[in-house]
Amino acid sequence: MSSAYLQCIEEACGHRQEKDAVACADCGGLLELVCEFDPFDPDGMRRIWHQRRLSGEPIDRSGVWRFRELLPFVRPGERIVSLSEGSTPLVGTRRAGWWAGPVHLTIKHQGNNPTGSFKDLGMTACITRAASKGVRIVACASTGNTSSSMAAYAGRAGLRAVLFVPYKQISSAKLAQALDFGALVLEVGDTFDQAFCLLREVAPSLGMYLVNSVNPFRIEGQKTIVAELMEQRAWRPPDFIVVPGGNLGNASAIGKGLRELKEFGFIEKVPRVVVVQAAGANPFYRTLTAQSPDLIPVENPSTEATAIRIGRPANWKKARRVLEWTNGMCESVTDEEIFEAKRVLAEDGVGCEPASAATVAGVRKLVRSGKIERHADVVAILTGHQLKDTEYVMRHRPPSEEDRQRLRVEPTLGAVREALTRHL
Ligand code: F0G
């Protein structure tokens, strides 16, 4: 039977850890779940995964648990805390692909998850784990999406949820979600990094189980996105998979997923993973560009893409490893470039929050610099729903467009007719 254990990723350490934790007890390094799988018959497995799509069972309807053979830490019969996450659409683009390249650009829209972001994939795995270990209080620091997701899944599992968020730095939609799900919200510090640093320090002594993406079980849930993506593409990998980079959990998860799929013969080719950061919050980009062995943090990260306003990404070493494995790249884009990309996506009818649009802005930049070839097959992971940050949209409406697009009219036929004649 397949099994799994936690191990430190630092080569010089490699400590195997018995108890759930978010850092190695020996050296403080990042932990990962090493999965020892029974040999897979890829064709047979693909058929089983595919057939489960027709099943009415909640565990089969989830886009995470449908691939449960890749998650060998849950025993058969164990309670799964799921909201039918995953199974998100893969949609083609025309204008955005043309604008960004031209490239063959497809969007994997993770905003179509129960709480509106990709975090739900990791959260179902992590909260399932926490509940199975008898945890009572879960906690995370967040720029808003992890917190809404954790609040939802914790509520479902009957656990208390405590959120650490930077004061007045997360969108009100995300805050409203967390409050709606009944979480306790502590607004601490001015940045995600401060909130996260404090939480890491105090969580153990206050009996809180940390569910940030340094928790290896989050990464396990999130890695299933690549199985779903490959299945949607008839197991033909794209040339590039592009993600926005904040705390760098997603890039780490996608890399782990790709590695496992390749190792077991589900895919032949490994797509190159591209991480895109906002220019005002681009520590990973700086670190890689300088070829620095240590992280070059950004002390006061600033970007309107608040989801990725992070100066000290906790998972940077895992993400660096992923770029090495996949011959990947990191790019940095300005808030103006993010805005443009978001606008072009909207023309294709694809809405997303600003952080997600950074992917398409990054693709455009990389095509222009010749690092992505024209007409390449590119999948951009849009991480969050359009309604996650409507303040951003309203703030960016140019007055000229407001005058043309949003009109107050008298409730008469004549006034409506005139508005249509002048503005349609
Ligand atoms: N996109 C969105 C919409 C996010 O919310 C995040 C991270 C990212 C991209 C970056 O992903 O951290 O795995 O590199 N949000 C976290 C949060 C930090 O607290 O919601 P990452």
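Residues numbered from 1 in each chain as written. Predicted model: local features only at pLDDT ≥ 70, side-chain atom pairs only at ≥ 80, totals over all residues. Heavy atoms only, no water.

K.L.:
Account for the layout of surface pockets, with residues named and values stated.
P.N.:
When its volume is computed, the largest pocket comes out at roughly 450 Å³. Residue lining of the largest pocket: 20 residues in total, with Asp20, Ala21, Val22, Met208 and Tyr209 positioned closest to the centre. For the lining of the largest pocket, the secondary structure elements donating two or more residues are β9 (209-210) and α8 (216-232). Residue classes in the lining of the largest pocket are distributed as 13 nonpolar, three polar and four charged. (1 Å grid on protein atoms, 1.4 Å probe; cavity = no way out; pocket = protein on both sides within 12 Å on 5 of 7 lines; lining within 4 Å. Points joined across faces, edges and corners; volume = space filled by probe spheres on them. Helix = DSSP H or I, 4+ residues; strand = E, 2+ residues; numbered from the N terminus. Nonpolar A, V, L, I, M, F, W, Y, C, P; charged D, E, K, R; others polar.)

K.L.:
Talk me through α8; I want residue IDs and the actual numbers.
P.N.:
Between its terminal C-alpha atoms α8 stretches 26 Å, which fits the 24 Å expected from 17 residues at 1.5 Å a residue. Among the residues of α8, the N-terminal cap falls to Asn215, whose side-chain oxygen and the backbone nitrogen of Phe217 are separated by 2.9 Å. In the segment just after α8, Ala234 is the residue with positive phi, at about 55°. (Expected span 1.5 Å × (residues − 1). Polar contact = N/O pair within 3.5 Å; in protein donor to acceptor, adjacent residues only side chain to side chain.)

K.L.:
Talk me through the packing of α8 against helix α9 (residues 249-263); I want residue IDs and the actual numbers.
P.N.:
Where α8 meets α9, the axes come as close as 7 Å, and the angle between the chain directions of the two elements is 55°. Relative to α9, the element α8 is oriented oblique. Viewed along their axes, α8 and α9 form a crossing whose handedness is right-handed. For the pair α8 and α9, contact is made by Ile219, Glu220, Gln222, Lys223, Ile225, Val226, Ala227 and Met230 and by Gly249, Asn250, Ser252, Ala253, Ile254, Lys256, Gly257, Leu258, Glu260 and Leu261, respectively. (Axes fitted to C-alpha atoms, helices over the stretch in contact; angles between N-to-C directions. Parallel < 35°, antiparallel > 145°, perpendicular 65-115°, else oblique. Left-handed = near helix turned anticlockwise from the far one by under 90°. Contact = heavy atoms within 4.5 Å.)

K.L.:
Outline the side chain of Thr106, listing residues and values.
P.N.:
Mapped onto the fold, Thr106 is located in strand β5 (residues 104-109). Of the residues examined, Thr106 reaches a relative accessible area of 11% and is grouped as buried. (Buried < 20%, exposed > 50% of the residue type's maximum accessible area, 1.4 Å probe, protein only.)

K.L.:
So what's going on with the packing of aromatic side chains? Which residues, and what values?
P.N.:
Under the defined criterion, the tally for this structure stands at eleven aromatic pairs. Where Trp49 meets Phe266, the ring centres are 5.1 Å apart and the plane angle is 20°; that geometry is what we call stacked. Of this pair, Trp49 sits in helix α1 (residues 42-52) while Phe266 is found in the loop between α9 and β11 (272-278), placing the two residues 217 residues apart along the sequence. Accessibility expressed as a relative area gives 2% for Phe266, which makes it buried. Three or more aromatic residues link up through ring pairs in this structure, and these residues are Phe37, Phe40, Trp49, Phe67, Trp235, Phe264 and Phe266. The ring centre of Tyr5 lies 3.5 Å from the NZ or CZ of Arg16, which sits over that ring. Directly above the aromatic system of Trp235 lies the positively charged group of Arg46, at a separation of 5.0 Å from the ring centroid. (Phe/Tyr/Trp six-rings, centres within 6.5 Å; stacked < 30°, edge-to-face > 60°. Lys NZ or Arg CZ within 6 Å of the ring centre and 35° of its normal.)

K.L.:
Talk me through the site of the ligand; I want residue IDs and the actual numbers.
P.N.:
As a matter of local geometry, the ligand sits amid 20 residues, with Ser142, Gly246, Asn247, Leu248 and Thr383 nearest to it. Contact distances for the ligand include 2.7 Å between an oxygen atom and a backbone N or O atom of Leu248. More than half of the atoms of the ligand fall within 2 Å of the grid points belonging to the largest cavity. Only α5 (145-157) and α9 provide two or more residues apiece to the shell around the ligand. Partitioning the shell around the ligand into residue classes produces seven nonpolar, eleven polar and two charged. (Near = heavy atom within 4 Å. Sits in = over half its atoms within 2 Å of the grid points.)

K.L.:
Residue-level account of the sheet that holds strand β7 (residues 160-165), with values.
P.N.:
The sheet built from four strands is open, its strands ordered β8-β7-β6-β9 with parallel pairing. The two strands at the open ends of the sheet, each matched to only one other strand, are β8 (184-187) and β9. Pairing of strand β6 (residues 137-141) with β9, which is carried by two bridges, proceeds in the parallel orientation. In the sheet register, Ala139 faces β9, and the bridge partner there is Leu210. (Pairing = 2+ DSSP bridges.)

K.L.:
Can you explain the sheet that holds strand β10 (residues 240-244)? Please cite residues and give values.
P.N.:
Spatially, six strands are ordered β4-β5-β13-β10-β11-β12 in an open sheet, and the strand pairing comes out mixed. Edge positions in the sheet fall to β4 (90-92) and β12 (329-333), since each has one partner strand and no second. Taking the axes of each pair of neighbouring strands and ignoring which way they run, one obtains an average angle of 25° across the sheet. Pairing analysis gives six bridges linking β5 to strand β13 (residues 377-382), with the strands arranged parallel. Note on β13: the bridge partner recorded for Lys108 is Ile381. The strands touched by α9 within the sheet are β10, β11 and β13, with β10 carrying the most contacts at an inclination of about 155°. Sheet strands touched by helix α11 (residues 316-326): β11 and β12. Its angle to β11, the strand with the most contacts, is close to 140°.

K.L.:
Give me the pattern of salt bridges: which residues, what numbers.
P.N.:
Across all of its chains, the model carries 24 salt bridges by this definition. Note that Lys256 and Glu260 form a salt bridge whose closest N and O atoms lie 2.8 Å from each other. Of this pair, Lys256 and Glu260 both sit in helix α9, separated by four residues, roughly a single helical turn. Exposure class is identical for Lys256 and Glu260. Each is buried. When salt bridges with common partners are traced through the structure, they connect Arg52, Asp60, Arg68 and Glu69 into a single cluster. (Salt bridge = Lys/Arg side-chain N within 4 Å of Asp/Glu carboxyl O.)

K.L.:
Tell me what's going on with the environment of Glu347, and back it up with residues and numbers.
P.N.:
Examined against the element boundaries, Glu347 turns out to sit in helix α12 (residues 335-347). Each C-alpha atom, one on Glu347 and one on Thr143, is 27 Å from the other, the two residues being 204 residues apart in sequence.

K.L.:
Report on the pairing of strand β1 (residues 3-8), specifying residues and quantitative values.
P.N.:
Both β1 and strand β3 (residues 31-36) contribute to a ladder of six bridges, which runs antiparallel. Looking across to β3, one finds that Ala4 is bridged to Cys35. Sheet analysis places β1 next to strand β2 (residues 16-17), joined by two bridges and oriented antiparallel. Looking across to β2, one finds that Gln7 is bridged to Arg16.

So, to be careful, I would describe these as geometric facts and stop short of saying anything about function.
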